[in-house]
Amino acid sequence: QEEEGNVEYKLKLVDPTESRLEHLVTQMKWRLQEGQGEAIYKIGVEDNGVCAGLADSEFQATMNTLNSMAERLGADLTVLREREVDSLVLGERKRVSEVLVRRVPDDQQFLDIRVSVLGNADAGKSTLLGVLTQGQLDNGRGQARLNLFRHLHEIQTGRTSSISHEILGFDSKGNVINYSELQTSESICSASSKIITFIDLAGHHKYLRTTIFGLTSHHPDFAMLVVAANRGVVMFGTTREHLGLAMALGVPTIAVVTKIDLCPDAVSNRACRQLEKLLSSAGCGRIPFRVRSEDDVYTAAAGMAGEGSKIVPLFKVSSLNGANLPLLTKFFNVLSPKKSQREQEKLMQELPQFQVSPLHLNIPRHSHVWSHILMRTVYAKVDEVFSVPEVGAVVGGTLSHGVITERDNLVIGPTTEGEYLPATVTTIQRNRAPCRVVRAGQAASLSLIDIDKDDIRKGMVLVSAQLNPTCCMEFEATVYLLYHPTSGLCPGFQATIYVGSVMQTAVVKNIHNDEESLNQNEQSSVTFRFVCHPEHLRTGSTILFRERTTKGIGQI
């Protein structure tokens, strides 16, 4: 049996001795650490994966032992599924079971998984998120999506143009916690041991720049591709482009076909076949897996857990009558984090590097107004400015490396002159709830002192001064040109560069090959030069560049 991972196979655990029980508790603690608070126990299964099964008495004794182990660690058990297996002894009933062990969260601690929501305009993305997070079905006229919209024109047109965030919680027993149960996001976070943060992105081609920035800067663990059943994969829509972006960034994908209430089964099945054909095509190389039952849910979630998994779960749902929505909710409940505990700890041991998106709030630092405003704007659009008397600067973003705590002294930059300025972290909020520490891979908002709010811009980084951070106007990257409408890309071409939270126009300075040009579906080393100001870039980062229909991907 593998020592890594959060899955444990146990044939039986009947009346263990005290020393054996201590060993089992230590083993469970290790599995929970590997799964960042979640572990899967497969009962009645031998170490080699053979389903031997247990008689009723042995099965009940094993579950009692498992409960005792979980209680010692402050965890809860949820039986995901049970099956009967063939027994060699006639007349004897034997069972195997799959059990989810989830640790009750420590103070302000919960497992956080970020899911970007992609798909063409009018696919029903915002409506689906509204139903999942509000706990109420749509009325057929877009009522469920109103809580997600942030601008008047979004309400009037029904189209998302900005990046918005919504959360869906699960307690240690797997029960859903959303706004139908609790009124505020802080109460949802405090009552949940697992939080799914949905990043709702724009579907219309006019807002593709915002969508790309949302994908690169928010570092989602998974992408949920939404397709309308009555329209299918639209020929000139953004479905293919969004899927290509997720694949280019290495983000595992979940597919959801919505609006199945609007059309007959034959039409919705045609949309599923279109999506399956797209996912399994030579360019994608994915394995679509239709989820029709609760058993399929756990199979799909387990299939996505492995590194480099090509499984794409495919759901058919309706936000109007709620068809199959419980299957989608259960899937998110058992979905494992993208990073293992070992990868997480390795990142945490490095010096802190926080990618900044500024939220400017001028408010008294210890007033109740501060807490209220920060809660509402922790994930606000990066270029919005909030002015309230008595200055205070707030930055939101993702910590890529290290750990940040209150009162940490860091530097933020680069400025337009390429300098890094000192700043001190005063308070931290994560998922709209106050906390004292933020760890690698987590998104948070930080209030800063010792720096003027006007000195903060989108794309900056907040790092330890020990890193001696640098910045550059020029950088070299190995790029692959996905599409270019003319014969070849030449020096002097301008494109928008996306690297994490950096989004700036750059000029192609040199193409390092014999032809000094780059054709479609070719790869070469290219030197770019930023047009406006220097940026902080990290070697090995993924780069996307785009100008109208020209698209490319590469690595610095």
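Residues numbered from 1 in each chain as written. Predicted model: local features only at pLDDT ≥ 70, side-chain atom pairs only at ≥ 80, totals over all residues. Heavy atoms only, no water.

**Details of the packing of helix α9 (residues 294–305) against helix α10 (residues 325–334)**
Now for step 1: Where α9 contacts α10, the two axes come as close as 9 Å, and the packing angle between them is 35 degrees. Crossing of α9 against α10: the hand is right-handed. Judged by residue contacts, E294, V297, Y298, A300, A301 and M304 of α9 engage L327, K330, F331 and V334 from α10.
Now for step 2: Residues belonging to the contact of α9 with α10 are distributed by class as follows: eight nonpolar, no polar and two charged. (Axes fitted to C-alpha atoms, helices over the stretch in contact; angles between N-to-C directions. Helix = DSSP H or I, 4+ residues; strand = E, 2+ residues; numbered from the N terminus. Left-handed = near helix turned anticlockwise from the far one by under 90°. Contact = heavy atoms within 4.5 Å. Nonpolar A, V, L, I, M, F, W, Y, C, P; charged D, E, K, R; others polar.)

**Comments concerning helix α1 (residues 18–34)**
Now for step 1: Taking 1.5 Å of rise per residue, 17 residues should cover 24 Å, and α1 covers 24 Å from first to last C-alpha, within 8% of that figure.
Now for step 2: For α1, the complete set of buried residues consists of L21, L24, V25, Q27, M28, R31, L32 and E34.
Now for step 3: One or two residues past the end of α1 sits Q36, with phi positive at roughly 55 degrees. (Expected span 1.5 Å × (residues − 1). Buried < 20%, exposed > 50% of the residue type's maximum accessible area, 1.4 Å probe, protein only.)

**A closer look at the side chain of R102**
Now for step 1: With respect to the secondary-structure elements, R102 resides in strand β4 (residues 94–103).
Now for step 2: A polar contact of 2.5 Å, which involves the side chain of R102, links it to the backbone oxygen of N333.
Now for step 3: Once you skip the residues sitting within four places of it in the chain, R102 turns out to touch G37, E38, A75, D76, F170, D171, S172, G174, S193, K194 and N333. (Polar contact = N/O pair within 3.5 Å; in protein donor to acceptor, adjacent residues only side chain to side chain.)

**Description of unusual backbone geometry**
With glycine set apart, most residues show a phi of negative sign, and most peptide bonds adopt trans.
Now for step 1: Cis geometry marks the peptide bond from G413 to P414, where omega comes out at 0 degrees.
Now for step 2: Looking at the secondary structure, you find P414 in the loop between β16 (409–413) and β17 (421–430).
Now for step 3: One non-glycine residue with positive phi stands out, namely E516, at about 55 degrees.

**A look at the environment of N269**
Now for step 1: Within the element layout of this structure, N269 appears in helix α8 (residues 265–279).
Now for step 2: Judged by its relative accessible area of 24%, N269 is partly exposed.
Now for step 3: Sequence separation of N269 and K316 is 47 residues, and the distance between their C-alpha atoms is 9.0 Å.
Now for step 4: Discounting chain neighbours no more than four positions away, the residues touching N269 are R290 and K316.

**Quick notes on the pattern of salt bridges**
Now for step 1: Tallying each qualifying case throughout the model produces 22 salt bridges.
Now for step 2: In this structure, R72 engages E22 in a salt bridge whose closest nitrogen and oxygen atoms are separated by 2.6 Å. Here R72 is found in helix α2 (residues 56–72), whereas its partner E22 is found in helix α1, with 50 residues between them in sequence.
Now for step 3: Residue class for E22 comes out partly exposed when judged on its relative accessible area of 39%.
Now for step 4: Residues R81 and E98 are paired through a salt bridge, measuring 2.9 Å at the closest nitrogen-oxygen approach. Within this pair, whereas R81 is found in strand β3 (residues 75–85), its partner E98 is found in strand β4, the two being separated by 17 residues in sequence. (Salt bridge = Lys/Arg side-chain N within 4 Å of Asp/Glu carboxyl O.)

**Quick word on the environment of V79**
Now for step 1: Within the secondary structure, V79 sits in strand β3.
Now for step 2: Residue classification places V79 among the partly exposed positions, given a relative accessible area of 42%.
Now for step 3: Taking the C-alpha atoms as reference, V79 lies 6.2 Å from L100; in sequence the two are 21 residues apart.

**Side note on the sheet that holds strand β6 (residues 164–170)**
Each strand in a sheet pairs with its neighbour through backbone hydrogen bonds, running either in the same direction (parallel) or in the opposite one (antiparallel).
Now for step 1: Pairing is mixed in the open sheet, where eight strands are placed in the order β7-β6-β8-β5-β9-β10-β12-β11. Each edge of the sheet is formed by a strand with only one pairing partner; in this case those strands are β7 (176–177) and β11 (287–290).
Now for step 2: Here two bridges tie β6 to β7, and the two strands are oriented antiparallel to one another. For F170, the partnering residue across the bridge sits in β7 and is V176.
Now for step 3: Packed on one face of the sheet, helix α6 (residues 208–218) meets β5 (111–119), β6 and β8 (194–200) and runs near 160 degrees to β5.
Now for step 4: The strands touched by helix α7 (residues 239–248) within the sheet are β5, β9 (222–228) and β10 (253–258), with β9 carrying the most contacts at an inclination of about 170 degrees. (Pairing = 2+ DSSP bridges.)

**Considering the packing of aromatic side chains**
Now for step 1: If you walk through the whole model with that rule in mind, you get six aromatic pairs.
Now for step 2: Here F331 and F332 contribute two aromatic rings whose centre-to-centre distance is 5.9 Å and whose plane-to-plane angle is 65 degrees, an arrangement assigned as edge-to-face. By the burial criterion, F331 is buried, and F332 matches it.
Now for step 3: When the ring of F528 is compared with that of F545, the centres are 5.7 Å apart and the planes differ by 55 degrees; the resulting orientation is tilted. Placement of F528 in strand β25 (residues 523–530) and of F545 in strand β26 (residues 542–547) is noted, with a sequence separation of 17 residues between them. For the pair formed by F528 and F545, the shared burial category is buried.
Now for step 4: Members of the aromatic cluster, each reached through a chain of ring pairs, are F198, F315, F331 and F332.
Now for step 5: Looking at R95, its charged tip hangs above the ring of F59, at a distance of 4.1 Å from the centre.
Now for step 6: Cation over ring: K458 sits above F213, and NZ or CZ is 5.5 Å from the ring centre. (Phe/Tyr/Trp six-rings, centres within 6.5 Å; stacked < 30°, edge-to-face > 60°. Lys NZ or Arg CZ within 6 Å of the ring centre and 35° of its normal.)

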